[in-house]
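Examination of the molecular architecture
Take a look at the letters that make up each chain.
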Amino acid sequence: MKQKLLYLLILFPILLTSLALYHYKVEPFESFSLRFNDIDFDLQKKSPDKRIVFVAVDEQSVNEYGRWPWDREILAKGISKLNQADVVLMDMIFSEPTEKQKDRALADSLSGLKSSVCGFFLRHNATQKITPDQENVLGDSSLDLLQSQIASFGDPKFISADNAEMNILPILQSCSMSGSFSTLRESDHLLRSYPVAVYFDNMLFPSLAVQGLRLILNKDIKRIDSRHVSIGEYRVNINEKGFVRLNFYQPKQYKIISFLDLVQGKVKPDYFKNKIVILGITEVGAGDIAATPMGALYGPLLHYTFLSNLLSHHLITEPPYITSVLIVIMVLLPFILLLFVKKVVNRVVLDIVGYLLVYLFVRYIFVFYNIYSDAFYPLVAFILSTVSVEVMAFTIQEKGSRFIRNAFSSYLSADLLDKLIKNPEALSLGGEKKELSILFSDIRGFTTISESMDPVSLIKLLNRYFTPMTDAVLQNGGMLDKYIGDAVMAFFNAPVDVPDHANASCRAALQMIEELDKLNKELSLEGIDPIRIGIGINTDEVVVGNMGSNTRFNYTVIGDGVNLASRVEGITKNYAVNILITEFTLKRLKEGFLTRVIEPVKVKGKDEAVLLYELMSNSDRNVNIKKDYDRALDLYKNSKFEEAIVIFENLIGEYDDSVSKYFLPLVRERHPWGVHKMTTK
């Protein structure tokens, strides 16, 4: 629980940081974000509205009529052919007078259109002296209704400037309305948005395309809320500066007609019927080029894009909550996966898949629903969260691994220790019921040995003894529980699963006897009496886990099955055998161990008898002993005492068999084979 709270405490500042970066558009993250999301326009297959046409003063027009600016009578001739268009947007300014006759010709051609919108630029520095008459005419194009609603909302803060460049008075008067060309670049110097309105001379003016929409729709702009305005039936999503995010089309999809083709009649006037015409300049050096996510586009195509977005219902909407929600998800995802997925590689793969799903979701809602959501800031949140969670998890795991390795390196084999480190939950405080094989071993006559040796020598002897005994347990997948004086307690199948734990416990016991024989040979050369041990094994479902307090605990096992294993170890003295196993262990054996039946025994503290077996090393001698012993025991069970006596005596005489020595007096007394009740521990 403490670790989970610690993770959340670390994730909280990451979440706040990610949200702050997104909402405050911090550089350079914002520039990266803009470029990262520009792929939206390449993925979609939308087409511009066919009612919009761009008539361009292009290279072939300049080749025909000379360098720009032209004689205004030439422009007038072309504009007069646009008289069937619903509206003509003039993406050019005539701020200086020429010959009055030529200026009048241009003004008359504009007056002859159904409706027209002339443009003006906002400037921070004065380049033209604006007369009161010009200001009065321009004032007729202002957005009085929208401006009156600003006090109710206080947002957005439309851009403004102290100066402007506009058309000379005759041309200004001939246009139906005027609109602004001014716009702003994003932080990476690309144009992605289009202004709804701008401030000049304390009045709010629409942009060129918006003014054109007011004319053809015969509707004014109204505020809906701080982030939306409406033009007739169309709802427009604006940002804090009053700009609309443009939904760009592929450059080749825009309909562009050469001004020369217009003048020469290659495009008939009726082609422009019921259309919106943008008249602008594309000739290099005369026209403006806009740097956009689609590359360099002619400036007039920004008006074209906005008009098409609105009329074709391609306007982008930007719900403010989607990106924030995705950021929260990306911050929490690595933490959630940490709770349920243990392997680092699996977590990282799922983390990446999680972000890819978010990325696909963001692209999908844009392509099919024109909903813009940022995929970059969730990526930043995802990277920060994943790195923080995994570094912290690694640190905690490494600390826990060092603790486990230090605590259990003497009790588990290296392989099992590695598995335990990968699954440390097995060591949480508390226990679980689990089937284990429990092994007890004890030195016979240890009191006599200890009395014959000084303490230092005794400790050295015990260390020499415990080392191979412990190795036998660990090498066979067991867990060394503890040393109890001269006794060893071990169990198999915890804390790490050992599927063949009964087999493993028996292999360990046989190895212990084998190693003891080697040790006794060394001791005999040193004049030390041999060590004899008894081993008891039982398999049962017991409680295993950490027992103790939060500050001090012991990983151990408790239960009747443990007590029985201890009793069985003590019973080995009765039969003078090395290893006894219970019937429950025998049932779990999957290998061909050499065993022989002893007898049912009712140990102290138990009501039911347990059938015991001797586990023997698989030697020719023991195979022969078992063969004759089984015959003798079978005769004994069937009350054929005389025949059984003969075989038992032969086993004693030939092999000095200790179990035969135990049964021979019972057979002679005609004592039936059956339950033997133990009265001592």
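Above this text is the structure in question.
In this convention, every chain numbers its residues from 1, walking through the sequence in written order. Given that the model is predicted, a residue must reach a pLDDT of at least 70 before its local features are reported, and side-chain atom pairs must reach 80 or more before they are shown or counted; all residues, however, enter totals for whole chains, interfaces and linings. Calculated side-chain values reflect all of the structure's heavy atoms, with hydrogen atoms and water omitted.

1. What about the layout of surface pockets?
Method remark: on a 1 Å grid restricted to protein atoms, a set of points is classed as a cavity if a 1.4 Å probe fits but cannot get out and as a pocket if it is open with protein on both sides within 12 Å along at least five of seven lines; lining residues have an atom within 4 Å of a point. Grid points are joined across faces, edges and corners, and a volume is the space filled by probe spheres set on the points. For the second largest pocket, the calculated volume is near 860 Å³. Surrounding the second largest pocket, 28 residues form its lining, Lys25, Asn239, Glu240, Arg245 and Glu318 being those nearest its centre. Only DSSP runs of H or I covering at least 4 residues are called helices, and only runs of E covering at least 2 are called strands; the numbering of each starts at the N terminus. Sorting the residues of the lining of the second largest pocket by element identifies helix H1 (2–23), helix H2 (29–37), strand E13 (243–245) and helix H13 (320–340) as the ones contributing at least two each. For this classification, the nonpolar set comprises Ala, Val, Leu, Ile, Met, Phe, Trp, Tyr, Cys and Pro, the charged set comprises Asp, Glu, Lys and Arg, and every other residue, Gly included, is treated as polar. Looking at the lining of the second largest pocket residue by residue, the class counts come to 9 nonpolar, 9 polar and 10 charged.

2. Focus on the state of the cysteines
The term disulfide refers to a covalent linkage connecting the sulfur atoms of a pair of cysteines. In this description, a disulfide is simply a cysteine sulfur pair whose atoms lie within 2.5 Å. Taken as a whole and judged by the stated rule, the model has 1 disulfide. Between the sulfur atoms of cysteine 118 and its disulfide partner cysteine 175 the distance amounts to 1.6 Å. Of this pair, cysteine 118 sits in strand E3 (residues 116–123) while cysteine 175 sits in the loop between helix H9 (169–174) and strand E6 (177–180), and the two are 57 residues apart along the sequence. The burial state of cysteine 118 is the same as that of cysteine 175; both residues are buried. Three labels apply to residues, based on accessible area from a 1.4 Å probe with only protein chains included: buried if under 20% of the type maximum, exposed if over 50%, partly exposed otherwise in between.

3. Remarks on the sheet that holds strand E9 (residues 203–206)
Strand pairing is assigned whenever DSSP identifies at least 2 bridges connecting the two strands. Pairing is mixed in the open sheet, where 3 strands are placed in the order E4-E8-E9. This sheet does not close on itself; its edge strands, each paired only once, are strand E4 (160–161) and E9. The pairing of E4 with strand E8 (residues 197–200) spans 2 bridges and is parallel. Residue pairing for E8: alanine 161 is matched across the bridge by phenylalanine 200.

4. Some points on helix H18 (residues 455–475)
By this rule, a helix spans an expected 1.5 Å times one less than how many residues it contains. Helix length check: H18 (21 residues) gives 30 Å between terminal C-alpha atoms against 30 Å at 1.5 Å per residue, within 8%. Among all positions of H18, only Leu458, Leu461, Leu462, Tyr465, Phe466, Pro468, Met469, Thr470, Ala472, Val473 and Leu474 are buried. Capping the start of H18 is the job of one residue whose side-chain oxygen sits 3.2 Å from the backbone nitrogen of valine 456: aspartate 454. In the segment just after H18, glycine 477 is the residue with positive phi, at about 85°. Pairing of N or O atoms within 3.5 Å defines a polar contact, subject to two protein rules: one partner must be a possible hydrogen donor and the other a possible acceptor, and residues neighboring in sequence count only if both atoms are side-chain atoms.

5. Structural notes on empty space enclosed by the protein
In the structure shown here, the tally under the stated rule is 2 cavities of 30 Å³ or more. Within this model, the largest cavity holds a volume of roughly 40 Å³. Along its surface, the largest cavity is lined by Leu34, Asn37, Asp38, Phe41, Arg192, Arg245 and Tyr372. Residues that form the lining of the largest cavity fall into these classes: 3 nonpolar, 1 polar and 3 charged. A volume near 30 Å³ is recorded for the second largest cavity. Taken together, Ile443, Phe446, Ile449, Leu458, Leu461, Leu462 and Ile531 form the lining of the second largest cavity. The set of elements that each furnish at least two residues to the lining of the second largest cavity consists of helix H17 (446–451) and H18. No other element matches H18, which puts 3 residues into the lining of the second largest cavity.

6. Remarks on the packing of H18 against helix H19 (residues 501–525)
Throughout, an axis means a line fitted to C-alpha atoms (over the contacting stretch in the case of helices), and angles, computed between N-to-C directions, take values from 0 to 180 degrees. Viewed as axis vectors pointing N to C, H18 and H19 meet at an angle of 155°, and their least axial separation amounts to 9 Å. Classed by the angle they form, the pair H18 and H19 counts as roughly antiparallel. Crossing angle aside, the handedness with which H18 passes H19 is right-handed. On H19, the residues touching Leu461, Arg464, Tyr465, Pro468, Met469, Ala472, Val473 and Gln475 of H18 are Ala508, Gln511, Met512, Glu515, Leu516, Leu519, Glu522 and Leu523. Tallied by class, the residues present in the contact of H18 with H19 amount to 11 nonpolar, 2 polar and 3 charged. When an angle is under 35 degrees it counts as roughly parallel; over 145 it counts as roughly antiparallel; between 65 and 115 it counts as roughly perpendicular; any other value is oblique. Throughout, a crossing is termed right-handed when the near helix is turned clockwise from the far one, and left-handed when it is turned anticlockwise from it by less than a right angle. Throughout, a residue-residue contact means that at least one pair of heavy atoms, one from each residue, lies within 4.5 Å.

7. So, unusual backbone geometry
Among all residues except glycine, the phi angle is most often negative; among peptide bonds, the trans geometry is most common. Residues glutamate 27 and proline 28 are joined by a peptide bond in cis, for which omega reads 5°. Mapped onto the elements, proline 28 comes out in the loop between H1 and H2. In this chain, alanine 494 is followed by proline 495 through a cis amide linkage whose omega measures -5°. Positioned with a positive phi, asparagine 202 is a non-glycine residue whose angle comes to about 65°. Tracing the backbone through its elements, the reader meets asparagine 202 in the loop between E8 and E9. For asparagine 202, a relative accessible area of 71% puts it in the exposed group.

8. Comments concerning the side chain of arginine 347
Its location among the elements puts arginine 347 in helix H14 (residues 344–369). Apart from the residues within four sequence positions on either side, arginine 347 is in contact with Leu337, Leu338, Val341, Lys342, Glu390 and Ala393.

9. As for the sheet that holds strand E11 (residues 228–231)
Pairing between sheet strands relies on hydrogen bonds along the backbone, with the strands arranged either parallel or antiparallel. The 3 strands are arranged E10-E11-E12 in an open sheet whose pairing can be described as antiparallel. Two strands in the sheet have a free side with no partner beyond their single neighbour: strand E10 (221–225) and strand E12 (234–237). Strand-to-strand, the axes of this sheet are offset by a mean angle of 30°, without reference to chain direction. Where E10 meets E11, 4 bridges bridge the pair, whose relative direction is antiparallel. Bridge assignment links lysine 222 to a residue of E11, and that residue is serine 230. This element, helix H10 (residues 208–217), spans E10, E11 and E12 of the sheet and lies at about 40° to E11.

10. Some thoughts on the pattern of salt bridges
Where charged atoms from two side chains of opposite charge come close, those side chains can pair. Throughout this description, the term salt bridge denotes a Lys or Arg side-chain nitrogen within 4 Å of a carboxyl oxygen of Asp or Glu. Here the structure, examined in full by the defined rule, presents 30 salt bridges. The partner of lysine 114 in a salt bridge is aspartate 86, with the nearest N and O atoms 3.7 Å apart. One end of the pair, lysine 114, is in the loop between helix H6 (100–111) and E3; the other, aspartate 86, is in the loop between helix H5 (72–79) and strand E2 (87–90), and 28 residues separate them in sequence. In this structure, arginine 507 and aspartate 500 form a salt bridge, with 3.3 Å as the shortest nitrogen-oxygen distance. You can call arginine 507 partly exposed: its relative accessible area is 26%. Owing to a relative accessible area of 26%, aspartate 500 belongs among the partly exposed residues under this scheme. When salt bridges that share partners are traced, they join Arg35, Asp38, Asp188 and Arg192 into one network.

11. What about the packing of helix H22 (residues 620–637) against helix H24 (residues 658–668)?
A pair of packed helices can be characterised by two numbers: the angle between their axes and the separation between those axes. Where H22 meets H24, the closest approach of the two axes is 12 Å, and the angle between their N-to-C directions is 20°. Viewed along their axes, H22 and H24 adopt a mutual orientation that is roughly parallel. Read as a crossing pair, H22 and H24 show a hand that is left-handed. Taking contact as the criterion, the partners of Tyr629, Leu633 and Tyr636 in H22 are, on H24, Val659, Ser660, Phe663, Leu666 and Val667. Within the contact of H22 with H24, the residues separate by chemical class into 7 nonpolar, 1 polar and no charged.

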